[in-house]
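# Summary of the model geometry
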Amino acid sequence: MSLAPAVAGSHFSFENVAVAVVMVAVAVGLSRWRRLDLERDIVVASIRAFVQLMAIGYVIDLIFRSHSALAVVAMLAAMIGFATITSAQRLRGLPRRYGIALAAIGLSSVATLGLMVALGIISRDARYLIPIGGMVIGNSMNVASVTGVRLMQDARTQRGLIETALALGASPRQAAQSVLRRAVRLALIPTIDSTKTMGIVFLLGAMTGMIIAGAKPLDAVRLQVVIMYMLLTAVAVTAVTVGLLVVGSLFTAEQQVRRLGEAVEA
Amino acid sequence: MDATTATGVKLSVSSLSYEVGADGHRRRILDGVSLDVPGGRFFTILGPSGSGKSTLLRCINRLLEPSAGAVLLDGQPVAQIPVQTLRRRVGMVFQTATLFDGTVLDNVLYGPRLRREQLSDDAVGDLLERVGLPRDFAAKAVTELSGGEAQRVSLARALANRPEVLLLDEPTASLDPTASAQVERLLVRLAAETELTFVFVTHNLEQARRVGDRGLLLVDGKVIEQGPLAAILADPETDVMRLFIEGRLTGDALSPAGEAAS
């Protein structure tokens, strides 16, 4: 172990990464010992993480060097695209699921990022827009999936309640109000809780990175606060958008509960 | 309209079919069902489990869309009535009372509130009394209710919409025998006291005999016999009806082959 510690200069070498593979070996060992049957998954995930991150590292490096606004926009659009596909795949059986995921993730990330840039809070520099955009889009994706999946499940388990309301003359949105409210609240809890405990339990993302990279802690803290506020807005917009659009898809034009098993892609 | 009111038909179903499943695996739940329900009467739909009774009710208030055929309310196709208006006019009580969170009052007011209508405390008290509950039940939380009480509240909630027709989907089937008998007597009394038209679904032959009036037997999505219930139960014209009355209607008898073997 004659390697120089990497942290001081924040320059990680491939040797450092190679040694970190020990961590993967420990995880694989644990899996084998307890017969979790996850060895293959762990190895594949580790390799994928390495390859994907290397690739994206080179892409971001290229974009930084190009100083092209178009390249930044294309990168953000690609991230939104992947997030949309990932989220929509969770909503299998729901009509218009790709449109719903795209509308929610696209609206929330473009609106929040656009507003922060327009207000001059975040520089339009690729160095800021790409990592912060990634965080916003990633969080929106998770929230879109959780909201949508929860709504689809509740629509099935609470079908009696929804049909009771419909039978009393409620509109689909009125009938689904309680399940909609619950799904949106549930999806927002993790973001709200991590905002609450920020700095005590979590030293997340940007701040960790900046501190390791040698930034002054107070600078890092200010950026982290800005990002958390942005994320709160982004996930709220995502959850409400997904909620309203999914509720629309759960009912037919005749205000009947759609049987999702038989749903046809519209 | 005049013609139907003259003959007194409130609700009419003609050649109604309902199919589920994708092409190739289509299954017919209702097969050419026709029936006439006279206004202000108690109409019983009798049939074994899985015969399509609930599906038939749901086609009437358009919780389900029939594949073919029509439902007429006062001679007007229900497809031409705005859905929410239709469901206000044709109320429904389900097998299990699904109550909304909150109090009994919240539940009774649910329908009127959808249309921003006010209902006085007196009117709510009257509704609760009509379904055999004390007036002060309004403040009770729904979590404190027994099964029978919950079903009465769901009945009061449906009545608060001032419906013209009330669809009852096995409303006593999930209650204990005492509560079941009480709710059944309540329904018969309501039918006698009001102008309301009842369409009552049950799988229980004895219950059908007790509530009487007009009705039909539905088996495998088809109407087997229809008419005054006492008469068709006393003097069955078909083998299927006879087998049902004798409690010997098996899966085989439900199939077209079983029906043909007369």
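Analysis parameters
- Residues numbered from 1 in each chain as written.
- Chains lettered and ligands numbered in written order.
- Predicted model: local features only at pLDDT ≥ 70, side-chain atom pairs only at ≥ 80, totals over all residues.
- Helix = DSSP H or I, 4+ residues; strand = E, 2+ residues; numbered from the N terminus.
- Buried ≥ 20, exposed ≤ 12 C-beta atoms within 10 Å, placed from the backbone.
- Contact = placed C-beta atoms within 7 Å.
- Nonpolar A, V, L, I, M, F, W, Y, C, P; charged D, E, K, R; others polar.
- Pairing = 2+ DSSP bridges.
- Domains from an automatic or database assignment.
- Axes fitted to C-alpha atoms, helices over the stretch in contact; angles between N-to-C directions.
- Expected span 1.5 Å × (residues − 1).
- Parallel < 35°, antiparallel > 145°, perpendicular 65-115°, else oblique.
- Left-handed = near helix turned anticlockwise from the far one by under 90°.

Turning our eyes to something else, we now look at the overall build of chain A. Along its length, chain A carries 10 helices and 0 strands. Listing each helix as α and each strand as β along chain A from the N terminus yields α-α-α-α-α-α-α-α-α-α. Along the first, second and third principal axes, the C-alpha atoms of chain A reach 75 × 55 × 35 Å. A total of 266 residues make up chain A; the buried ones form 30% of that total. The contacts in chain A between residues at least 6 apart in sequence include a share of 72% that link residues at least 24 apart.

Moving on, we get to the interface of chain B and chain A. Taken together, the contact between chain B and chain A spans 19 residues of the former and 15 residues of the latter. Per-class residue counts for the side of chain B that touches chain A are 8 nonpolar, 6 polar and 5 charged.

Residue and element names in this part refer to chain B. In terms of strand pairing, strand β1 (residues 9-20) meets strand β2 (residues 27-38) through 8 bridges, oriented antiparallel. Paired with Leu16 across the strands is Val33, a residue of β2. Hairpin connection between β1 and β2: a loop of 6 residues separates the two successive antiparallel strands, and Gly21 in this loop has a positive phi of roughly 95°.

Accessible area lost on assembly of the parts is the figure often given for the size of an interface. Residues and elements named next belong to chain A. Here chain A is partitioned into domain 1 (1-66) and domain 2 (68-262). Each partner contributes to the interface: domain 1 provides 6 residues, whereas domain 2 provides 10 residues. Per-class residue counts for the side of domain 1 that touches domain 2 are 4 nonpolar, 2 polar and no charged.

Bringing the sheet that holds strand β8 (residues 197-202) of chain B into the picture now. Pairing between the strands of a sheet is mediated by backbone hydrogen bonds and can be parallel or antiparallel. All names here are of chain B. Taken in spatial order, the 6 strands make up an open sheet running β6-β7-β8-β3-β9-β10, and their pairing is mixed. A strand with exactly one partner marks an edge of an open sheet, and here the two such strands are β6 (90-93) and β10 (222-228). With strand direction ignored, the average angle separating the axes of adjacent strands in the sheet is 15°. Across 5 bridges, strand β7 (residues 165-169) lies against β8 in parallel orientation. Note that in β8 the partner of Leu166 across the bridge is Phe198.

The subject of this paragraph is the sheet that holds strand β5 (residues 76-77) of chain B. All names here are of chain B. The strand order β2-β1-β4-β5 describes an open sheet built from 4 strands, whose pairing is antiparallel. Each edge of the open sheet is held by one strand with a lone partner, namely β2 and β5. Relative to strand β4 (residues 68-73), β1 runs antiparallel, the two sharing 5 bridges. Bridging from a neighbouring strand, Val13 pairs with Val71 of β4.

Here we take up helix α3 (residues 69-90) of chain A. All names here are of chain A. For α3, spanning 22 residues, the distance from its first C-alpha to its last is 32 Å, which sits close to the expected 32 Å at 1.5 Å a residue. What α3 keeps buried is the set Val72, Met75, Leu76, Met79, Ile80, Ala83, Thr84, Ser87 and Ala88. Next to the buried residues of α3 lie α2 (39-66), α4 (97-118) and α5 (126-157).

Residues and elements named next belong to chain B. Following both chains from N to C, one finds helix α4 (residues 104-114) and helix α6 (residues 147-159) inclined at 30°, their axes separated by 7 Å at the closest point. By the angle between their axes, α4 is roughly parallel relative to α6. Here α4 runs over α6; the crossing is right-handed. Where α4 approaches α6, its residues Val104, Asn107, Val108, Tyr110 and Gly111 are matched on the opposing element by Val153, Ala156 and Arg157.

To continue, consider the environment of Arg92(A). Residues and elements named next belong to chain A. By the element assignment, Arg92 lies in the loop between α3 and α4. Look at Arg92 and you get exposed, because 11 C-beta atoms sit within 10 Å. Between the alpha carbons of Arg92 and Val149 there is a distance of 9.2 Å; along the sequence they are 57 residues apart.

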